[in-house]
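# Coordinates in review
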Amino acid sequence: MATDEQARAKVVESLLGRFFDGEMRPELVRDLQLAGPVFDGFGAVPGITVGQEFDSREAAAEAGVHRPLQAGICGTAAHGAESIVVSGGYEDDEDHGDLIIYTGQGGRDERTGQQVRDQELTRGNAALVTSMTTGTPVRVIRGWEGDAAHSPTRGYRYDGLFRVEDHWSEIGRSGYLVWRYRLTQLVETSQGQPQHPQLPTTPKHPQGRETPVRATTTTQRIVRSTAVAEYVKRIHDYTCQVCGIRLTTSIGAYAEAAHIRGLGRPHAGPDVAANVLCLCPNHHTLFDFGMLIINDDLTVVDCADRSVIGRLRVRGAHEVGRQYLAYHRAHHDQRGAVLDNSQ
Ligand SMILES: [Zn+2]
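Residues numbered from 1 in each chain as written. Predicted model: local features only at pLDDT ≥ 70, side-chain atom pairs only at ≥ 80, totals over all residues.

### Observations concerning the pairing of strand β14 (residues 276-279)
Where burial is concerned, the two faces of β14 agree: the one with V276 and C278 and the one with L277 and L279 are both buried. When strand β13 (residues 256-259) meets β14, the two strands line up antiparallel, connected through four bridges. Paired with H259 across the strands is V276, a residue of β14. (Buried ≥ 20, exposed ≤ 12 C-beta atoms within 10 Å, placed from the backbone. Helix = DSSP H or I, 4+ residues; strand = E, 2+ residues; numbered from the N terminus. Pairing = 2+ DSSP bridges.)

Spelled out as structure tokens, the structure:
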């Protein structure tokens, strides 16, 4: 029992260390911890079921479903986001049920709710990026002011766990920079594992898919066409198009296929070779985070210091689509796109 109490005390301490503006009273967190099993704030809240409704933000906070009373995102850059409220507060939000395109917080006039300045990649906005990198699920709470098709008619409703799949910045409808997140609902079932097709000995240009199919696995995710990915990797002999490094593993060469324009909604890029790069894991990560952009002349820019670090390596059989590079630049080459991990 002593170890259980120690564990509980540690969790309470950690929760209290994650407080920020508009948080519910610390005593409530303490009560919550004493009442149920040890809960660190992430994932499903013990005793709360998907679909459970709450009359108010206060009620949702007391239940531990979404602790802040005002902020739409509960979380920190260091730990990630515990929960978000989707309530139609931002004009750029899109709710498609099991897929949410969520707009970050900040930049709004308190009184009018209008976007009046750029959003920053700090606090809750940075927390959602951390959740993306760690893969930690985020609780989604929908409010009555949200999309009519998917929101409760009154109060708030806990709608289960979602994964942050992607993030980017763009100029919102009001003309200011907003951060956007693609969240997909985690589903319990496990089926439809993609089949790996037999590969021919010499790479042949595959047709690919203009609209990639979705399969239900442990999470709703886009199944990348293995044929297109393999084709591009083999054209480049598994050599990174940015740095020229070819990784050799015990089972052969290793490289990653990076889609330039994302496959999922709202990007809806095609799964074709012209939209794919062959990259090493490091450059794939930097590219997906928008820390590397590629100009039409194929010069590669490191966004951390705006320096040109080289030119994309190309092979005649693999034409890189300039329209996809332009799309990637538009969504990532924004002001100050560096994650501040210090808070
Ligand atoms: Zn590389």
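Moving on from the model shown.
### Concerning the sheet that holds strand β16 (residues 299-302)
Strand order across the open sheet formed by three strands is β15-β16-β17, with antiparallel pairing between neighbours. Where the open sheet ends on each side, the last strands, each with one partner, are β15 (292-294) and β17 (307-311). Neighbour-to-neighbour, the strand axes of this sheet turn through a mean angle of 30 degrees, independent of strand direction. Here β15 pairs with β16 via three bridges, running antiparallel. (Axes fitted to C-alpha atoms, helices over the stretch in contact; angles between N-to-C directions.)

### Quick notes on the environment of G75
Mapped onto the fold, G75 is located in strand β2 (residues 73-76). C-beta crowding within 10 Å serves as the criterion here: with 28 such atoms nearby, G75 is assigned to the buried category. Considered as a pair, G75 and A127 are 52 residues apart in the sequence and their alpha carbons are 5.5 Å apart. In contact with G75, other than residues within four places in its own chain, are G80, A81, E82, G124 and A127. (Contact = placed C-beta atoms within 7 Å.)

### A short note on the nonpolar core
Core analysis: the largest hydrophobic core is formed by 33 residues, its most contacted members being A81, I84, L128, V138, V140, I141 and L183. Of all the secondary-structure elements, those providing two or more residues to this core are α3 (57-62), β2, β3 (80-86), β5 (99-103), α4 (123-134), β6 (138-143), β7 (156-171) and β8 (177-185). For I84, the contacting residues outside a window of four places in its chain are G72, I73, Y102, V138 and V140. Formed by 27 residues, the second largest nonpolar core is a distinct cluster that contains A258, I260, C278 and C280. (Core = buried A, V, L, I, M, F, W, Y, C linked by C-beta atoms within 7 Å.)

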